[in-house]
Amino acid sequence: LVIFAEAASDLGGHDSQAERALELYDRLGCEDDQFMVRSLLVRCLCEARLGEQHRLKGHHLLQQLQYALRQYLMKALAKANETGWAQNDSRYGFLIYNASLVFWSVARPMCRNGWQRHIINEATQILDALRAVRAAGSGGGGKPTGKGAPGGAAIPVSIDIPWLVELTLNLAFGLEDAGKDADAQKK
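Residues numbered from 1 in each chain as written. Predicted model: local features only at pLDDT ≥ 70, side-chain atom pairs only at ≥ 80, totals over all residues. Heavy atoms only, no water.

Let's talk about the nonpolar core
Counting 43 residues, the largest nonpolar core has Leu73, Phe103, Val106, Met110, Ile126, Leu130 and Leu167 as its most contacted members. Mapped onto this core, the elements with two or more residues apiece are α3 (34–53), α4 (58–82), α6 (93–107), α7 (120–138) and α8 (161–177). Here this core gets 11 residues from one element, more than from any other, and that element is α4. Contact partners of Phe103, with chain neighbours within four places excluded, come to Leu69, Leu73, Arg108, Ile119, Glu122, Ala123, Ile126, Leu167 and Asn170. Core analysis: the second largest hydrophobic core is formed by 10 residues, Val2, Ala21, Tyr25 and Val42 among them. (Core = buried A, V, L, I, M, F, W, Y, C linked by side-chain atoms within 4.5 Å. Buried < 20%, exposed > 50% of the residue type's maximum accessible area, 1.4 Å probe, protein only. Helix = DSSP H or I, 4+ residues; strand = E, 2+ residues; numbered from the N terminus. Contact = heavy atoms within 4.5 Å.)

Written out as structure tokens, the structure is:
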């Protein structure tokens, strides 16, 4: 159901089908696993698109995008970090990377003067998680520990420097926008 919701969301214009599939998934009462995180990422995208569908502008659009980030993306990031999947098992680092892509997709309309200060916390959490996954991947960590771990192949997630730089610059602009120039220069 989650894979169907991801496909429906990616196709565009099928958010209602994606939401319905995720409602059915929730009814199943599945355990917290990668599919729970992936469902939260799809919900974040669908919720953010509601702003476009309802043609929200200004402060109302900002509120809608912040709601999507805080209600769904940050929960997905917390679940992936809380269980330590991404840091302890390199097979799940993609969850953090995908969360960063969803963050960028949702936060991109807020990347302008006067609005960037509203995404400082989210950008900081995404960057910290990406750096942790990158450090775990480069440190040789990542022994498979999940279901079926002995036979699982660890596929390291390569988090490239240009992506980290892009997100770091976005955070620095947000800090500058918030009047925290000294912190922005440190980033």
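Overview of the side chain of Ser9
With respect to the helices, strands and loops of the structure, Ser9 is situated in helix α1 (residues 2–11). Ignoring sequence-local partners within four residues, the contact set of Ser9 consists of Asp15, Ala18, Val42, Leu45, Cys46 and Arg49.

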